[in-house]
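Chain by chain, the residues run as shown.
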Amino acid sequence: MRVANFYFRSAALSCFLAAACACQTAQKPATVLPPGSAPALKPGAQSQPAKPPQQVQDSTSQAPPGRTQPGQAQPDQTQPSNAVSEASQTAQPQSTGSDPVADLIARVEKEYQAGLANYQAGNKEQAKQNFDNAMNAMLGSSLDIRTDSRLEKEFDRVVQGVEALYPGGSDTEAAADQDAAQEPQQKSEPAPIDETNGLAPTADARTKAKAEAEIKNTHSDLPLMMTDQVAGYIAYFQGRGRGVFERALARSGRYHEMIIETLKEEGVPQDLIYLAQAESGFHPLAVSRAGARGIWQFMASRARGYGLSHDMWVDDRQDPVKSTRAAARHLKDLYGQFGDWYLAMAAYNSGPGTVQAAVKRTGYADFWELYQRNVLPKETRNYVPIILAVTIMAKNPSQYGFDDVVMEKPSDYDTVTINYPVDLRLVAECVNSTTDELQDLNPSLLRLSTPRDGKFELHLPVGTKDQYETSIAAVPPEMRLWWRYHTVHSGETVASLSREYRVPSRSILEVNNLETGSGLAADVKLIIPLSPNHHAADAATYARRITRYKVRAGDTVQTVAENFGVSPQMLRRWNAIRGDSLRGRRVLLLHLPITPSAHDLEVASTRAKSRSHATGSKTETATAKPPASKSAEVERLEEAKTDRRIEKSRTEKEEKVAVVHHRVKSGETLYSIANLYNTTVAALKRENRNIAVLRPGMILTVQLAR
């Protein structure tokens, strides 16, 4: 379930998400070999003589339109009926020529041209699907785009072509994306399965013998089997991977009861809970390198096929309850298709089409035979042994030294169903909580607000539902994204709050039914009627034009983000980066921040247009100048200002300096603050201990020439 997908958003390819392989044909259960016949595999050993292949049904029979056969995996319900070409939803086709790069470019070009044709025919959604498939093929291949000039050229061509068709997305998407870009996103966690899947650990004879003995005394509703690979992962989780296993085991306490009950209701083995432990460590915000999300690591299209939707605001894959129900049904369908839990788990990892192809190719519907014949992807071959190792250890914690792990307790919460958008910061102020606690209770929320449309089940700290409903009732529904509550501190006045929030005093008086000159008692909550324009002025916005930055030695996501005045999260979204390392990256795509200075924007726009006419290109190349890399526009503007200051200093021998203190507001950058006070970024850094990262509420010292 890990092939990269491509999303079109207003930041012009702002993030790479993922799409799963979908099995589009009806499948009949395959005949399986007895699980007990699996060999005890030796690393590097020669394959044993093959058993006579058992007959496997050729699963090409068609179900009636709109229906699926019993036990069939549900197809992705969101796949469009393409007017030009059918979208590729199966595993990557094998190269038919001697040049795999040329083959890949041909596949990408075919989908790209189909997208153009659909776009011209008015089939906008089908066109987006074609463009998704084109990028899916490139990003999901084993070839490195950055090291082949032909692939890089094709990638840039498709990116620029899509950018021309969808400059910032559709009208509604552009508005939503602009709001989304202004809000911080939830911080994701790396999925543990990525690390363990890349290993090939070995175990000594003693570890394997002990594990074999444990299996005999372990009750499980899944078949348990010991092989060298399973024993190797047991050794890994006892040693170098001990922390991974321990954290997952502790977190299982949060969801164990809910997951077991759901699996039982869906009629599947309850020990499938350990698949989730191996995949995500029970972390709802776990994201794999390919974009699978949530406790059950669903890919985007597969999730939609089981009722898990996602947009800019909510991702149901990160909802523990909804995703558990979907995973149970998906696994049940896979078992109905293959008739074997090992094959069902393998298909859960790599897609039913991949496993079915391996079964057809060999004639064996047995995971261990497929393993031994090396006809499954490497990560799928490791996937089942990892789950078996986790199952054996989790069911015998004391025997493996984990009896002292303290299980986390389930989080109790109140639920209120709302049909209006609300900012979590306002919710936190209503119930005397924190945004961190609310995000923890609502992991499906991708940002600090609820969806703009439709209903949403908002989880609140237990016992606060009535308090929330009373407090929120005082805020008009259309203002619940903007207005805030403020708890009065001793000595504060309406006038001081007016200055702090930049809101007219009369507005504060009116919404709180206060008389002019009223004193404020400490600890009283007041409504602060902030306007949408107030938030927009403080938030960062980004140019649509793509800027290409050549990565330099020593660069990291953090340093590049700081130098360009963008957030690390946005830089990661634009380039599908996880973590902070840029190792192996040659070029980054980014969008320059638009500063509040209208004059500077006009200068930047004029110069950008003149360069665009001169070069005929829609992208710019940014170059870095030690000690810090900035965009060409930022550098030129700052250099011009610096030159003016140098010239001025030559004529003014003695310069008097005034010092002011500036409180950092949301969305501000060093560059925008420097423009505000007619100074330079270098001067700001020098006066503030070389500060690089700004956070709202910080106080900066600014020296003003007078």
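Residues numbered from 1 in each chain as written. Predicted model: local features only at pLDDT ≥ 70, side-chain atom pairs only at ≥ 80, totals over all residues. Heavy atoms only, no water.

Q: Explanation requested: the overall build of the protein in the structure shown.
A: On a plain count of helices and strands, the protein comes out with 27 helices and 15 strands. For the protein, buried positions account for 53% of its 706 residues. Long-range contacts, defined here as pairs at least 24 residues apart, represent 72% of the contacts in the protein between residues at least 6 apart. When the accessible surface of the protein is summed, it comes to about 33,300 Å², and 50% of that surface belongs to carbon and sulfur atoms. (Helix = DSSP H or I, 4+ residues; strand = E, 2+ residues; numbered from the N terminus. Buried < 20%, exposed > 50% of the residue type's maximum accessible area, 1.4 Å probe, protein only. Contact = heavy atoms within 4.5 Å. Areas by Shrake-Rupley, 256 points an atom, 1.4 Å probe, with all protein chains shown as cover.)

Q: Please clarify how the environment of Glu265 should be interpreted in this entry.
A: One can find Glu265 in helix α8 (residues 242-265). In this structure the side chain of Glu265 is engaged in a polar contact, spanning 2.8 Å, whose partner is the side chain of Arg325. (Polar contact = N/O pair within 3.5 Å; in protein donor to acceptor, adjacent residues only side chain to side chain.)

Q: Would you mind going over helix α7 (residues 228-238) with me for this structure?
A: Side chains that are three or four residues apart share a direction in an α-helix, a result of its 3.6 residues per turn. Taken across its 11 residues, α7 has nine buried, putting it largely inside the fold. Buried within α7 are the following residues: Asp228, Gln229, Val230, Ala231, Gly232, Tyr233, Ile234, Tyr236 and Phe237. Where α7 is buried, its residues contact α5 (192-197), α6 (205-216), α8, α14 (367-372) and α15 (378-394).

Q: Looking at this structure, how should I read unusual backbone geometry?
A: For residues that are not glycine, phi is negative in most cases, and the peptide bond is trans in most cases. A positive phi angle, near 55°, is found at Asn432, a position not held by glycine. Here Asn432 shows up in the loop between α16 (424-431) and α17 (435-441). Even without being glycine, Asn513 reaches a positive phi, approximately 55°. Position of Asn513 relative to the elements: it lies in the loop between α20 (505-511) and β8 (525-528). We classify Asn513 as exposed; its relative accessible area is 71%.

Q: Looking at this model, I keep getting lost on the pairing of strand β11 (residues 587-590). Mind explaining?
A: Taken residue by residue, a regular strand's side chains alternate between the two faces of the sheet. In β11, alternate side chains face the same way, and those of Val587 and Leu589 on one face and Leu588 and Leu590 on the other are all buried. Judged from the four bridges that link them, strand β10 (residues 546-550) and β11 form a sheet pairing that is antiparallel. For Lys550, the partnering residue across the bridge sits in β11 and is Val587. (Pairing = 2+ DSSP bridges.)

Q: How should I be thinking about the packing of α7 against α15 in this particular structure?
A: Geometry of a packed helix pair, given as the angle between the helix axes and the separation of the axes. One can describe the packing of α7 onto α15 by two numbers: an axis separation of 8 Å at closest approach and a directional angle of 60°. Taken as axis vectors, α7 and α15 run oblique relative to one another. Two packed elements cross with a definite hand, and for α7 against α15 that hand is right-handed. Residues Gln229, Val230, Tyr233, Ile234, Phe237 and Gln238 of α7 form the contact with α15, whose own contacting residues are Asn382, Pro385, Ile386, Leu388, Ala389, Val390, Ile392 and Met393. Classifying every residue of the contact of α7 with α15 gives 11 nonpolar, three polar and no charged. (Axes fitted to C-alpha atoms, helices over the stretch in contact; angles between N-to-C directions. Parallel < 35°, antiparallel > 145°, perpendicular 65-115°, else oblique. Left-handed = near helix turned anticlockwise from the far one by under 90°. Nonpolar A, V, L, I, M, F, W, Y, C, P; charged D, E, K, R; others polar.)

Q: I'm lost on helix α13 (residues 352-362) in this one. Help?
A: Those residues of α13 not exposed but buried are Pro352, Thr354, Val355, Gln356, Ala358, Val359 and Thr362. Buried positions along α13 lie against α10 (300-305), α11 (320-338), α12 (341-350) and α14. Following α13 by one or two positions, Gly363 has its phi on the positive side, about 85°.

Q: How do you make sense of the environment of Lys332 when you look at a structure like this?
A: With respect to the secondary-structure elements, Lys332 resides in helix α11. Taking the relative accessible area as the measure of exposure, Lys332 reaches 42% and is therefore partly exposed. Along the backbone, Lys332 and Glu266 are 66 residues apart, and their C-alpha atoms lie at a distance of 7.9 Å. When neighbours within four sequence positions are excluded, Lys332 is seen to be in contact with Glu266 and Val268.

Q: What should I look at first to understand the nonpolar core in this one?
A: In summary, soluble globular proteins display a tendency toward joint burial of nonpolar side chains. Counting residues in each nonpolar core, the largest one holds 74 residues, and the members touching the most others are Ile234, Trp296, Tyr348 and Phe367. At 10 residues, α15 tops the list of elements feeding residues into this core. Formed by 25 residues, the second largest nonpolar core is a distinct cluster that contains Trp313, Leu426, Leu460 and Ile527. (Core = buried A, V, L, I, M, F, W, Y, C linked by side-chain atoms within 4.5 Å.)

Q: Just checking my understanding: could you explain the packing of aromatic side chains for this structure?
A: Two aromatic rings, taken as a pair, are described by how far apart their centres are and by the angle between their planes. Considering all chains together, one arrives at 10 aromatic pairs under this definition. The interplanar angle of 90° and the centroid separation of 6.0 Å between the aromatic rings of Tyr342 and Trp368 together place this pair among those described as edge-to-face. With a gap of 26 residues between them, Tyr342 in helix α12 and Trp368 in helix α14 connect regions that are remote in the sequence. Of the two residues, Tyr342 and Trp368, neither departs from the other in class, the shared state being buried. Here the basic side chain of Lys210 rests over the ring of Tyr400, its NZ or CZ set 5.2 Å away from the ring centre. (Phe/Tyr/Trp six-rings, centres within 6.5 Å; stacked < 30°, edge-to-face > 60°. Lys NZ or Arg CZ within 6 Å of the ring centre and 35° of its normal.)

Q: How do you make sense of the side chain of Asn575 when you look at a structure like this?
A: Note on placement: Asn575 falls in helix α23 (residues 568-575). Among the polar contacts listed, one links the side chain of Asn575 to the backbone nitrogen of Leu589, at a separation of 2.7 Å.

Q: Just checking my understanding: could you explain the packing of α11 against α12 for this structure?
A: Their axes nearest at 8 Å, the elements α11 and α12 cross at an angle of 125°. Judged by the angle between their axes, α11 and α12 are oblique. Judged by the twist between their axes, the crossing of α11 over α12 is right-handed. Taken together, the residues of α12 that come into contact with α11 (itself represented by Ala327, His330, Leu331, Leu334, Tyr335 and Phe338) are Trp341, Leu343, Ala344, Ala347 and Tyr348. Partitioned by chemical class, the residues of the contact of α11 with α12 number 10 nonpolar, one polar and no charged.

Q: Help me out: how do you make sense of the pattern of salt bridges in this one?
A: Working definition: two side chains of opposite charge can pair if their charged atoms are close together. Tallying each qualifying case throughout the model produces 14 salt bridges. One salt bridge in this structure joins Arg425 and Asp423, with 2.8 Å as the shortest N-O distance. Where salt bridges share partners, they join Glu265, Glu266, Arg325 and Arg329 into one cluster. (Salt bridge = Lys/Arg side-chain N within 4 Å of Asp/Glu carboxyl O.)

Q: Explain the confidence of the model for the protein to me, please; I cannot follow it from the model alone.
A: Low pLDDT means the predicted atomic positions in that stretch should not be read closely. Of the residues in the protein, 69% have a pLDDT of 70 or more, and the chain-wide mean is 75. Note that residues 595-636 has pLDDT below 50 and, in this model, 64 contacts with residues that lie over four places away or in other chains. (pLDDT = per-residue confidence, 0-100.)

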